[in-house]
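# Coordinates in review
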Amino acid sequence: MTKPTVVVTGMGAVSPLGLSVATSWQALIAGQTGVGPITHFDASAYPCQVAAEVKGFDPASSGLDSKDLKKADRFILLGLAAVREALTQAGLTNIKENPTLDRTRVAVILGTGIGGLPAMEEAYQTLQDKGPRRVSPFFIPAMLPNLLAGQASILYGLQGANVCPVSACATSAHAIGWGKRLIESGEADVVVTGGAEATICGTAIAGFAAMRALSTNFNATPAQASRPFDAARDGFVMGEGAAVLVLESAAHAAKRGATPLATLSGFGQTADASHMTLADGAGSSRAMALALAEAGLQPTAISAINAHATSTPLGDAQEAETIAALFGNGIPTSATKGATGHLLGAAGSLEAVFSVQSLVTGILPPTLNAESSAVPLTDIVPNHARHGVVVKHVLSNSFGFGGTNVSLIFSQP
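My aim in this report is to walk through the structure given alongside it, one point at a time. A quick note: this is a predicted structure, and the numbers were derived from the prediction, not measured.

## Quick word on the overall build of the chain
Per the secondary structure count, the chain includes 13 helices and 12 strands. For the chain, the spread of C-alpha atoms along the principal axes amounts to about 60 × 55 × 40 Å. For the chain, buried positions account for 60% of its 413 residues. Within the chain, residue pairs in contact and separated by at least 24 positions form 78% of the contacts whose partners lie at least 6 positions apart. Considering the chain, the positive charge centre built from 24 side chains and the negative charge centre built from 29 side chains are found 6 Å apart.

## Things to note about the packing of aromatic side chains
One pass over the structure, following the stated rule, counts four aromatic pairs. Aromatic side chains W25 and F354 sit 6.1 Å apart centroid to centroid with 40 degrees between the ring planes, which places their arrangement in the tilted category. Within this pair, whereas W25 is found in helix α1 (residues 21–29), its partner F354 is found in helix α13 (residues 347–361), the two being separated by 329 residues in sequence. Here W25 and F354 have matching classes, each one buried. Ring geometry for F208 against F401: centres 6.5 Å apart, planes inclined by 45 degrees, an arrangement best described as tilted. In this pair, F208 is assigned in helix α8 (residues 202–210) and F401 in the loop between β11 (393–400) and β12 (404–411), connecting sequence segments 193 residues apart. With relative accessibility at 13%, the residue F208 sits in the buried group.

## Considerations on helix α7 (residues 171–184)
In this model α7 runs 20 Å from its N-terminal to its C-terminal C-alpha over 14 residues, within 8% of the 20 Å that 1.5 Å per residue would give. The buried count for α7 comes to 12 of 14 residues, which makes it a mostly enclosed element. All of the buried residues in α7 are T171, S172, A173, H174, A175, I176, G177, G179, K180, L182, I183 and E184. Of the residues flanking the end of α7, it is G186, one or two places downstream, whose phi is positive at about 85 degrees.

## With respect to the environment of G328
Its place among the elements puts G328 in the loop between α11 (313–327) and β10 (333–334). Separated by 275 residues in sequence, G328 and E53 have C-alpha atoms that sit 35 Å apart.

## Concerning the packing of α7 against α13
Close contact between α7 and α13 brings their axes to 5 Å; oriented N to C, the two are set at 65 degrees. Counted together, S172, A173 and I176 of α7 and A347, G348, S349 and A352 of α13 form the full contact between these two elements. Residues belonging to the contact of α7 with α13 are distributed by class as follows: four nonpolar, three polar and no charged.

## What about the state of the cysteines?
In this structure the tally under the stated criterion is zero disulfides. C164 carries a free sulfur, and the closest cysteine sulfur to it, the one in C169, is 15 Å from it. Judged by its relative accessible area of 12%, C169 is buried.

## A word on the sheet that holds strand β4 (residues 106–111)
Pairing is mixed in the open sheet, where 10 strands are placed in the order β5-β4-β6-β7-β1-β8-β12-β11-β9-β10. The open sheet has two edge strands with one neighbour each: β5 (162–163) and β10. Bridge analysis of β11 against β12 gives eight bridges, and the strand direction is antiparallel. If you follow G400 over to β12, its bridge partner there is T404. Across the sheet, helix α6 (residues 147–156) touches β4, β5 and β6 (190–197), and the angle it forms with β4 is around 150 degrees.

## Description of helix α10 (residues 282–295)
Between its first and last C-alpha atoms α10 spans 20 Å; for 14 residues at 1.5 Å apiece the expected length is 20 Å, and the two agree. Within the sequence span of α10, burial applies to G283, S284, A287, M288, A291 and L292. Turning to α10, the residues buried within the fold contact β8 (262–271), α11, β11 and β12. Phi for G296, located one or two positions after α10, is positive at around 70 degrees.

## Observations concerning the pattern of salt bridges
For the coordinates displayed, the defined rule picks out 15 salt bridges. Between E184 and K3 there is a salt bridge; the shortest N-O distance is 3.9 Å. Placement of E184 in helix α7 and of K3 in the segment before β1 (6–14) is noted, with a sequence separation of 181 residues between them. By relative accessible area, E184 is classed as buried at 10%. Taking the relative accessible area as the measure of exposure, K3 reaches 46% and is therefore partly exposed.

## Observations concerning the side chain of D73
Turning to its location among the elements, D73 is positioned in the loop between α2 (66–69) and α3 (74–90). Apart from residues lying up to four places away in sequence, D73 is in contact with G115, G116, L117, P118, A119 and A142.

## Side note on the environment of S303
Following the sequence through the fold, S303 ends up in the loop between α10 and β9 (304–306). Between the C-alpha atoms of S303 and N397, which are 94 residues apart in sequence, the distance is 14 Å. Ignoring anything within four residues of it in the chain, the contact list for S303 reads I331, P332, V390, V391, K392 and H393. Within the structure, the side chain of S303 is placed 2.8 Å from the backbone nitrogen of K392, a separation counted as a polar contact.

About the thresholds
Residues numbered from 1 in each chain as written. Predicted model: local features only at pLDDT ≥ 70, side-chain atom pairs only at ≥ 80, totals over all residues. Heavy atoms only, no water. Helix = DSSP H or I, 4+ residues; strand = E, 2+ residues; numbered from the N terminus. Buried < 20%, exposed > 50% of the residue type's maximum accessible area, 1.4 Å probe, protein only. Contact = heavy atoms within 4.5 Å. Lys, Arg positive; Asp, Glu negative; His and termini not counted. Charge placed at Lys NZ, Arg CZ, Asp CG, Glu CD. Phe/Tyr/Trp six-rings, centres within 6.5 Å; stacked < 30°, edge-to-face > 60°. Expected span 1.5 Å × (residues − 1). Axes fitted to C-alpha atoms, helices over the stretch in contact; angles between N-to-C directions. Nonpolar A, V, L, I, M, F, W, Y, C, P; charged D, E, K, R; others polar. Disulfide = S-S within 2.5 Å. Pairing = 2+ DSSP bridges. Salt bridge = Lys/Arg side-chain N within 4 Å of Asp/Glu carboxyl O. Polar contact = N/O pair within 3.5 Å; in protein donor to acceptor, adjacent residues only side chain to side chain.

This is how it looks when you write it as structure tokens:
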């Protein structure tokens, strides 16, 4: 039996660059950065004092009423705002009132790499300072990773599968790929999928800094801190935000008159099975090859790549070598974390949004702070967006701690 074609009919984003897909994309292709000094807490004593924060976010844009706002940590609020935008573009915000739509066949797969860590910090501090009776009754629902998916399901009456993947920095890419599988298996017609993250807090910054994973050499010049593939890179910059895609079978989209933005043509998922934090390249290579095989494409068919490239010395080099070995070193490659920082569990879905935007606009986003490349790739779209490109297929990579790898391919619809 022929598998259904899976298309993207809506997208939403709340990022360090903007509070919507349009504003985030405009800032990205204009070469702006979302990286700056940390303001969420006093980071003056921390080795890393920079991050990519979401600015000017109104919690009411999540769609929750004032009573329920108390029950949601920041990652849930950011995620629900992205859900709302994605459903609006897809023409599905009135699902509860739509008698022609089977809500039992609308699924939610929304993940987070860490979840409500700030809520945990706050609850622990309250416990220490004021005792157990003063811990908020809303603490648990605020911090649970699956409550983003749960709140989205409740808010819009979505009664299909309700799932929260957690696979570190590959989380939201897994969510998108698993959404594709759910539609292909016939279990769902529509899947609201992606991820959110909001862990710019003392515990996270201290922990990742202790691992020597964060940039520490650019506290005085934050805009230069996230520099994928550049010779001076010294670690990633923590980002926050959310991105959501509405996936749909092409037949279902056509039946209700929705316009596809792109086809999700390939999905590959693998494990390195070698090291907790250091990739060996073989697993990521297999993920890309599996995505190509599912899409029925040769490497030469790929127009551009959105690399995982977090700005770490070892990780960027390993990915660049793997890409060059499979696609040749001249494949146009963007690393958008130069502008957004690393959104951890939400990185894959935000970069999926940017990949679809490249298909729609014919623009390849820039890799910021690309001054002196120390990797074998010769075309990393440095510093300035590239306009007027014929973009037919874009591959987006996401890799995570634990050796988990995902590659997605988006194609013209």
